[in-house]
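# Overview (structure and organization)
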Amino acid sequence: MSAVDQLFQELKKQGQKAFMPFITAGDPNLAFTSTLLKTLLRHGSHICEVGIPYSDPIADGPVIQASYTRALAHGITLSDIFEMLRQTTPELAAPVVTMVSHAIIYRAGLKQYVKTAKQSGVAGLIVPDLPVEESKPLQQICQAENLSLIQLITPNTPRDRALRIAASSTGFIYYVSVVGITGERKQVPQSIKDNVGWLREQTDLPICIGFGISNPEHIRTLAPMADGLIVGSAIVRRIAALDEQSEAEVLQDVEDYVKTLMVAISGC
Amino acid sequence: MARPKLRASCHVPDHAGRYGEFGGRYVPETLIAALDQLADQYEQARHDPDFQDRLSDLLKHYVGRPSPLYHASRLTKLCGGAQIYLKREDLNHTGAHKINNTLGQALLTLRMGKTRVIAETGAGQHGVATATACARFGLPCVVYMGEEDIRRQAPNVFSMKLLGAEVRSVTSGSRTLRDAINEAMRDWMASVENTHYILGSVVGPHPFPRIVRDFQSVIGQETLAQCNDQIGRLPEVVVACVGGGSNAAGMFYPFIEHDAVELVGVEAGGRSSAAGEHASPLTYGSPGVLHGSYSYVMQDQDGQTCDVHSISAGLDYPGVGPEHSYWKATGRVNYESCIDDDALEAFETLAKNEGILAAVESSHAISTAMRIAGERPADQVVVVCLSGRGDKDSAEVARLRGDDDS
Ligand SMILES: Cc1ncc(COP(=O)(O)O)c(C=O)c1O
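Residues numbered from 1 in each chain as written. Chains lettered and ligands numbered in written order. Predicted model: local features only at pLDDT ≥ 70, side-chain atom pairs only at ≥ 80, totals over all residues. Heavy atoms only, no water.

### Structural notes on the overall build of chain B
Helix and strand counts for chain B stand at 16 helices and 14 strands. Taking 406 residues into account, the globule formula puts the C-alpha radius of gyration at 22 Å, and chain B, at 19 Å, falls close to it. Structurally, chain B occupies a C-alpha span of about 55 × 50 × 50 Å along its principal axes. When each of the 406 residues of chain B is scored for burial, the buried share is 65%. (Helix = DSSP H or I, 4+ residues; strand = E, 2+ residues; numbered from the N terminus. Rg over C-alpha atoms; globule rule 2.2 N^0.38 Å. Buried < 20%, exposed > 50% of the residue type's maximum accessible area, 1.4 Å probe, protein only.)

### Considerations on the state of the cysteines
Per the stated rule, a full pass over the model turns up 0 disulfides over all chains. For the unlinked cysteine Cys208 of chain A, the closest cysteine sulfur is that of Cys48 of chain A, found at 13 Å. Using a relative accessible area of 0% as the deciding quantity, one classes Cys208 of chain A as buried. Between Cys338 of chain B, a cysteine without a disulfide, and Cys241 of chain B, which holds the nearest cysteine sulfur, the sulfur-to-sulfur distance is 9.9 Å. (Disulfide = S-S within 2.5 Å.)

### Description of the sheet that holds strand E7 (residues 166-170) of chain B
Residue and element names in this part refer to chain B. Pairing within the open sheet is parallel, and its 4 strands lie in the order E7-E6-E5-E8. Every interior strand has two partners, whereas the edge strands, E7 and strand E8 (195-197), have only one. Shown here is a sheet whose adjacent strand axes are inclined to one another by a mean of 25°, direction ignored. Inspection of the sheet shows strand E6 (residues 141-146) paired to E7 by 5 bridges, in the parallel sense. Counted as the bridge partner of Tyr144 is Arg168 from E7. (Pairing = 2+ DSSP bridges. Axes fitted to C-alpha atoms, helices over the stretch in contact; angles between N-to-C directions.)

### Description of the pattern of salt bridges
Side-chain pairs of opposite charge can arise where the charged atoms are in close proximity. Per the counting criterion, the structure on display carries 45 salt bridges over all chains. For Glu29 of chain B, the salt bridge is made with Arg161 of chain A, and the minimal N-O distance between the two is 2.9 Å. Remark: Arg161 of chain A occurs in helix H8 (residues 159-168) and Glu29 of chain B occurs in helix H1 (residues 29-46); the pair is interchain, linking two chains. The salt bridge partner of Asp259 of chain B is Arg7 of chain B, with a shortest N-O separation of 2.9 Å. Of this pair, Asp259 of chain B sits in the loop between helix H11 (246-252) and strand E10 (262-270) while Arg7 of chain B sits in the segment before strand E1 (18-19); the two residues are 252 residues apart in sequence, bridging distant segments of the chain. What emerges from the salt-bridge pattern is a single network uniting Glu148, Asp149, Arg151, Arg152, Asp316, Glu396 and Arg399 of chain B. (Salt bridge = Lys/Arg side-chain N within 4 Å of Asp/Glu carboxyl O.)

### Comments concerning the confidence of the model for chain B
The predicted model of chain B averages 96 in pLDDT, with 98% of residues at 70 or higher. Interface confidence in the predicted complex, given as ipTM, is 0.98; pTM for the same model is 0.98. (pLDDT = per-residue confidence, 0-100.)

### Let's talk about helix H2 (residues 30-42) of chain A
Residue and element names in this part refer to chain A. The end-to-end C-alpha distance of H2 is 18 Å, a good match for the 18 Å that 13 residues give at a rise of 1.5 Å each. On its buried face, H2 is in contact with strand E1 (18-24), strand E2 (48-51), helix H4 (78-88), strand E3 (96-99), helix H11 (233-239) and helix H12 (247-266). Put simply, Asn29 is the residue that caps the front of H2, since its side-chain oxygen is 3.2 Å from the backbone nitrogen of Ala31. The positive-phi residue at the C-terminal boundary of H2 is Gly44, with phi of around 100°. (Expected span 1.5 Å × (residues − 1). Contact = heavy atoms within 4.5 Å. Polar contact = N/O pair within 3.5 Å; in protein donor to acceptor, adjacent residues only side chain to side chain.)

Structure follows, in structure tokens:
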């Protein structure tokens with residue numbers, strides 16, 4: 001059982017939904033990312049997704065793209081990121097998973113990436129550009145190291161295919177709320193309820209919903225049908241304000257914002 | 001001793017889109033259904049005589065195919081060796097090989113019932129060819145183009161607009177072809193239900209590399225027949241430039257199992273062999289994942305795509321189609337690179353001696369072919385794919401030579 005599995009078991013007992021922020025490693029530097037991780041998880045986030053900056057992220061909208069560009073512009077490397085995680089994760093009360101392009105994993109070597117992630121206290125991987133057909137080698141390596149390989153299902157995934165993805169996913173299923181890229185949206189699509197409801201009957205894995213979620217109303221709509229919710233661009237956008245605000249101000253802003261979401265989620 | 005290599009097969013890709021170990025599909029789940037639909041519809045279209053007749057008719061009466069195979073006798077004399085023949089893709093409607101692919105994919109768009117088209121472009125030739133096909137079929141068209149390429153290929157930008165396409169400037173990253181592909185993919189992520197992405201080269205996730213190769217193979221098929229007609233045999237050497245690799249793949253593919261024919265792909269050597277100064281992944285790169293496919297690529301040790309440079313917008317790309325990686329691995333095709341200055345020199349030589357303004361992309365192949373011809377006896381034949389015409393480059397070449405004030 002990975003730390004992700006344990007978390008969801010625990011939350012299930014408590015009847016609690018997971019709140020899962022996404023942040024970009026090294027935006028704008030790794031010391032800040034480390035502080036931010038500690039702040040987020042101290043204030044009740046249940047698990048954190050750490051994005052590994054990539055030069056060509058085709059699933060990401062302008063906000064996360066820009067955060068990747070900022071981090072890479074400062075010359076951040078994969079080994080710096082893992083070193084930061086190695087030092088930070090022992091102080092965290094909750095698991096961290098990396099969101100990472102297959103281009104990066106392949107270059108590092110599948111085994112090497114998973115091994116280093118594990119040594120750095122990472123509990124799982126989300127690889128947004130690795131479809132289920134290509135995922136077997138990585139899945140086997142993750143299983144051997146007891147890391148979750150969380151796979152994604154989208155509104156346009158045919159149902160027979162969704163079953164295959166569910167069968168090969170571990171940790172949880174990442175249900176992408178929209179056909180599109182990451183970024184805040186005004187409304188959540190109607191199709192989610194049917195799709196997630198159907199999926200729920202097919203699998204015992206927890207189902208977390210992400211993409212486009214940014215306010216308490218979204219949370220109140222989606223939390224009842226999900227085991228967890230993922231919020232990315234709305235947080236990353238606040239970090240971009242470091243251009244004009246001090247670290248303390250930005251941390252406070254993120255904290256206040258996350259608190260409003262946490263209140264909404266714990267009421268569900 | 002060199003390790004014996006596996007013989008290159010024509011029967012690639014397999015079901016997973018693999019050319020040997022290369023290719024595949026590394027894209028977000030959101031795009032998978034559309035790629036499956038495309039693969040499926042293409043497979044049907046391939047065996048549908050109506051589809052094939054419609055495409056052949058367009059290629060003949062709209063594009064002007066077959067394009068000539070021209071004996072460049074003055075260039076041959078100048079090089080003092082093998083006979084140089086030019087496959088004149090520059091004479092196609094819209095001035096390059098790109099139209100062979102865009103018409104095929106526009107027909108697939110209609111077949112799939114999709115109502116909008118997007119494309120990326122580097123040199124603007126693929127953008128113009130896509131805008132043209134869309135105008136011909138009444139499809140709305142959006143073309144993504146890097147800001148730097150909009151500057152250096154301005155004439156094509158005007159053409160696209162006149163043809164009714166919307167040109168969207170891409171300001172992320174290096175503002176060139178690679179970034180234009182990223183933006184087109186992002187558009188497709190959100191629009192995939194009604195939009196077809198007409199990808200312009202043999203790159204990207206399966207089935208694109210295969211579809212584009214097949215639509216471009218008309219180049220090599222005609223060349224084979226024309227060689228038999230005009231010289232009574234096959235050539236000794238066939239040369240083509242390699243950006244993403246579509247004109248080269250179309251030219252080479254019909255020759256793959258004719259083992260006696262040497263195939264030479266020419267990458268952009270840029271200013272030098274130093275990192276960031278060229279766009280030659282097959283020569284200086286290593287296998288990795290970019291834009292949905294596993295192939296040779298210029299990446300750093302973390303898998304971040306490197307900046308590349310070429311004088312030609314159409315070759316200024318850090319990746320290459322997976323089938324070229326396969327041909328490199330099997331040793332079937334030799335890949336070289338040609339530096340900016342040599343390409344410019346070939347551009348001028350061809351213009352002055354044959355009265356042909358070649359695209360700067362194609363000039364890379366011309367340069368290498370001239371060298372090869374010079375090393376061979378006069379009874380041999382070197383065929384070069386003249387992938388496009390150079391009107392789009394006149395102003396930029398003049399600027400680079402410092403005569404743009406006239
Ligand atoms: C005339 C011409 N030749 C070659 C290329 C390179 O593309 P490919 O390698 O796909 O043929 C381009 C691309 O824009 C082009 O315009």
